[in-house]
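Observations on chain architecture
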Amino acid sequence: MDVNKIRNDFPVLRDNPDLHYLDSAAMALKPDCVIKACNDYNSKLGVNVHRGVYRLSYEATDLYEEARETIAKFINASFEEIVFTRGASAALNLVAESYGMEFLKPGDEVITSELEHHSSHMPWMNVCRKTGATLKYVPLDKEGRITVEAFKSVLTSKTKVVALTYVSNVMGYITPIKDIIRLAHEVGAVVSVDGAQAVPHMSIDVKDLDCDFLSFSGHKLCGPTGVGCLYGKHKLLEMMPPIEFGGDMADTVTKDSMTFKATPYKFETGTPMVEGVIGLAEACKYLSSIGLDNIALHEKKLRELAITELKKIDGIKIYNESCETGIISFNVDGVHPHDAASVFDNNNVCIRAGHHCAQLITSWLGTIGTVRASFYLYNTEEDVHKFVESVKEAKDFFGTF
């Protein structure tokens with residue numbers, strides 16, 4: 001990887017050469033090619049898809065459906081297994097509201113964990129309350145990890161759904177999801193995977209994983225905001241009812257009946273996020289050209305450097321020292337995460353502070369929140385050093401009070 005060349009692809013970094021952006025776990029920056037793809041659609045086409053009987057609409061529809069094919073190939077899915085949504089949260093909610101409400105009943109069990117983003121476990125909490133199913137949590141080990149053995153301890157013949165994160169957005173741990181999926185399938189359960197922090201950073205093959213559902217967002221993998229994807233096995237999507245009704249998803253409608261288009265279109269009502277889908281496909285091409293394995297290795301090297309330097313500083317609590325991905329969650333002893341973040345901002349270091357929409361794990365850690373730095377393909381060793389300097393400054397500044 002030529003990181004300097006990569007950085008030049010991102011206008012935010014070109015226009016702000018002193019910026020040290022370490023908040024990609026919340027929102028990745030966008031490269032020129034993604035911005036251009038969105039702008040080209042808006043400036044050269046700018047019309048709706050599927051509906052128009054004129055040339056511009058045909059061209060827009062072709063781009064839109066070619067994008068679906070590109071995104072499907074990015075995770076080794078089939079064309080009809082990709083449902084476009086507003087983001088990972090919408091995709092995760094779609095699974096819960098459609099599959100969960102249709103097939104769960106009193107006495108059934110849903111397994112989730114305290115590592116989850118709110119969007120992963122809250123929809124199932126809601127579904128369980130409505131259906132009478134029981135929500136169970138995988139016990140975390142002393143590091144806060146999900147292990148196969150711990151998963152086995154809550155898996156029963158009553159388990160119907162498993163809803164787990166692939167990579168924690170707070171701890172950065174990689175869940176042994178393939179083994180968990182195999183075990184879940186042995187008891188007839190389906191598995192919904194939150195891939196928001198995994199898909200942008202590692203090669204994903206849904207066929208190899210054998211997951212039933214996988215959700216991810218565009219904005220975390222260098223794509224536009226307001227667009228995401230639900231991958232679902234075709235046989236399951238065919239069984240599931242739509243949860244939104246309206247234009248473009250209907251086949252025939254009468255006063256007292258309605259039928260729907262085939263999967264995936266029955267889940268995509270209304271005018272879709274056309275430019276977002278086109279931009280997301282371009283982001284997938286961009287990341288593929290660099291190589292997800294290369295990106296993962298680069299992030300790991302930067303994280304190891306940062307951890308080595310942080311451990312030299314007294315009064316720093318690192319919560320995920322042994323993490324395999326590019327996320328570091330920590331606190332400065334006695335300093336509120338938001339207060340510490342103000343020092344980073346003064347140094348043009350962009351980090352996240354708070355509970356990261358994952359209050360279960362911050363409570364498990366015994367804290368109200370953490371400071372989180374997250375590395376991506378465009379980060380450098382200079383970013384690491386500026387980050388570490390800012391940690392020292394925050395400690396020294398607040399240590400004077």
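All chains use their own residue numbering, which begins from 1 and follows the written sequence. Per-residue local features of the predicted model are confined to residues with pLDDT of at least 70, and side-chain atom pairs are confined, for both listing and counting, to 80 or more; whole-chain, interface and lining totals are unaffected and use all residues. Water and hydrogen atoms were dropped before computing side-chain values, which therefore reflect all heavy atoms in the structure.

Observations regarding the overall build of the protein chain
Tallying secondary structure elements over the protein chain gives 15 helices and 15 strands in all. Here the protein chain has a C-alpha radius of gyration of 22 Å; the compact-globule value for 401 residues is 21 Å, and the two agree. For the protein chain, the spread of C-alpha atoms along the principal axes amounts to about 75 × 55 × 35 Å. The buried share among the 401 residues of the protein chain stands at 57%. Pairs at least 24 apart in sequence give 70% of the contacts found in the protein chain among residues at least 6 apart. When the accessible surface of the protein chain is split by element, carbon and sulfur atoms take 50% of a total near 16,700 Å². When charges are counted, Lys and Arg contribute as positive and Asp and Glu as negative, whereas His and the chain ends are disregarded. Where a charge lies is defined by one atom per residue type, namely NZ (Lys), CZ (Arg), CG (Asp) and CD (Glu). Across the protein chain, the centroid of the 41 positively charged side chains sits 3 Å from that of the 54 negatively charged ones. Helix and strand definitions follow DSSP, with helices as H or I runs of at least four residues and strands as E runs of at least two, each counted in order from the N terminus. The globule rule is 2.2 Å times the number of residues to the power 0.38, and the radius of gyration it is compared with is taken over C-alpha atoms. For each residue, the accessible area found with a 1.4 Å probe, counting protein chains only, is set against the maximum for its type, and the residue is called buried under 20%, exposed over 50%, and partly exposed in between. Working rule for contacts: check all heavy atoms of both residues, and any pair within 4.5 Å makes them a contact. Here the accessible surface of atoms and residues is derived via Shrake-Rupley with a 1.4 Å probe, and residues count as covered only by protein chains that are part of the display.

What about the sheet that holds strand β7 (residues 213-217)?
Whenever strands of a sheet pair, they do so through backbone hydrogen bonds, lying parallel or antiparallel. At least two bridges found by DSSP between two strands is the condition for calling them paired. Read across the open sheet, the seven strands follow the order β2-β8-β7-β6-β5-β3-β4; overall the sheet is mixed. The outermost strands of the open sheet, each flanked by one partner alone, are β2 (82-85) and β4 (134-138). Each strand of the sheet is rotated relative to its neighbour by a mean of 20°, with strand direction disregarded. Alignment of β2 against strand β8 (residues 228-232), held across four bridges, turns out to be antiparallel. Bridge pairing in β8 places Phe84 opposite Cys229. Every angle, taken between N-to-C directions, lies between 0 and 180 degrees, and every axis is a line fitted to C-alpha atoms, over only the stretch in contact when it is a helix.

Things to note about the pattern of salt bridges
A pair is scored as a salt bridge if a Lys or Arg side-chain nitrogen falls within 4 Å of a carboxyl oxygen belonging to Asp or Glu. Evaluation of the coordinates by the stated rule reveals 23 salt bridges. Residue Asp40 is joined to Lys36 by a salt bridge in which the shortest nitrogen-to-oxygen separation is 2.6 Å. One end of the pair, Asp40, and the other, Lys36, are both in helix α3 (residues 32-45), four residues apart, so they sit about a helical turn from each other. Linked by salt bridges that have partners in common, Lys36, Asp40 and Lys44 make up one network.

Let's talk about the side chain of Ser24
If you trace the backbone, Ser24 turns up in the loop between β1 (20-21) and α3. Exposure remark for Ser24: the relative accessible area of 1% places this residue in the buried category. Polar side-chain contacts of Ser24 include one of 2.5 Å to the side chain of Tyr378. Throughout this description, a polar contact denotes any pair of N or O atoms lying within 3.5 Å of each other; where both atoms belong to protein, one of them has to be capable of donating a hydrogen while the other can accept it, and for residues adjacent in sequence the pair is counted only when both atoms sit in side chains.

Here we look at the environment of His118
On the secondary structure map, His118 appears in helix α6 (residues 118-131). Taking the C-alpha atoms as reference, His118 lies 37 Å from Ser43; in sequence the two are 75 residues apart. When sequence neighbours within four positions are dropped, the list of residues in contact with His118 reads Pro123, His355, Cys357, Ala358 and Gln359.

Points about the pairing of strand β15 (residues 370-374)
Within β15, five of the five residues are buried, which leaves it mostly tucked inside the rest of the structure. Residues of β15 alternate between two faces, with Thr370, Arg372 and Ser374 on one and Val371 and Ala373 on the opposite face, all of them buried. Looking at chain direction, strand β12 (residues 327-332) and β15 are connected through four bridges and run antiparallel. When the bridges of β15 are listed, Ile328 appears paired with Ala373. Bridge analysis of strand β14 (residues 352-354) against β15 gives three bridges, and the strand direction is antiparallel. In the sheet register, Ala353 faces β15, and the bridge partner there is Val371.

Here we look at empty space enclosed by the protein
Lining residues are those with an atom within 4 Å of a point, where the points come from a 1 Å grid over the protein atoms alone and group into cavities, where a 1.4 Å probe fits but cannot get out, or pockets, open sets with protein on both sides within 12 Å along at least five of seven lines. Grid points are joined across faces, edges and corners, and a volume is the space filled by probe spheres set on the points. Applying the stated criterion across every chain yields a total of one cavity of 30 Å³ or more. Size it by volume and the largest cavity reaches roughly 80 Å³. For the largest cavity, the full set of lining residues is Ser24, Ala25, Val167, Gln197, His201, Glu299, Thr325, Gly326, Ile327, Ser374 and Phe375. The residue classification treats Ala, Val, Leu, Ile, Met, Phe, Trp, Tyr, Cys and Pro as nonpolar and Asp, Glu, Lys and Arg as charged. All others, Gly included, are polar. By residue class, the composition of the lining of the largest cavity is four nonpolar, six polar and one charged.

Section: the nonpolar core
Put simply, a nonpolar core is a bunch of buried Ala, Val, Leu, Ile, Met, Phe, Trp, Tyr and Cys residues held in one set by side-chain atoms that sit within 4.5 Å of each other. Formed by 82 residues in total, the largest nonpolar core has its most connected members in Ile75, Phe151, Ile204, Leu214, Leu287, Leu377 and Tyr378. Excluding residues within four positions of it along the chain, Tyr378 makes contact with Val3, Ile6, Arg7, Phe10, Leu13, Tyr21, Ser24, Ala28, Leu29 and Asp383. Ranked by size, the runner-up nonpolar core spans 25 residues in total, among them Ile318, Phe344, Phe375 and Val384.

Side note on unusual backbone geometry
The omega torsion across Thr263 and Pro264 is 10°, close enough to zero to call that bond cis. Structurally, the position occupied by Pro264 is in the loop between β10 (258-260) and α11 (274-290). Phi at Asn76 takes a positive value of approximately 60°, unusual for a residue other than glycine. In this fold, Asn76 is placed in the loop between α4 (55-74) and β2. Assessed through its relative accessible area of 35%, Asn76 is described here as partly exposed.

Considerations on the sheet that holds β12
One open sheet holds the four strands; their spatial order is β11-β12-β15-β14, and the pairing between them is antiparallel. Each edge of the sheet is formed by a strand with only one pairing partner; in this case those strands are β11 (316-318) and β14. Neighbour-to-neighbour, the strand axes of this sheet turn through a mean angle of 30°, independent of strand direction. Sheet contacts for helix α12 (residues 292-310): β11 and β12; angle to β12, the most-contacted strand, approximately 20°.

Regarding α12
What a helix should span is 1.5 Å times the count of its residues minus one. Its 19 residues give α12 an end-to-end C-alpha distance of 27 Å, which sits within 8% of 27 Å, the value for a rise of 1.5 Å per residue. For α12, the full list of buried residues reads Leu292, Ile295, His298, Glu299, Leu302, Arg303, Ala306, Ile307 and Leu310. For α12, the angular spread of the buried residues around the axis is 165°, confining them to a single face. Exposed and facing more than 90 degrees away from the buried side of α12 are Asp293 and Lys301. Packing partners of the buried residues in α12 comprise α1 (3-7), α4, α11, β11, β12 and α15 (381-399). This arc is taken over the directions from the axis of the helix to the C-beta atoms.

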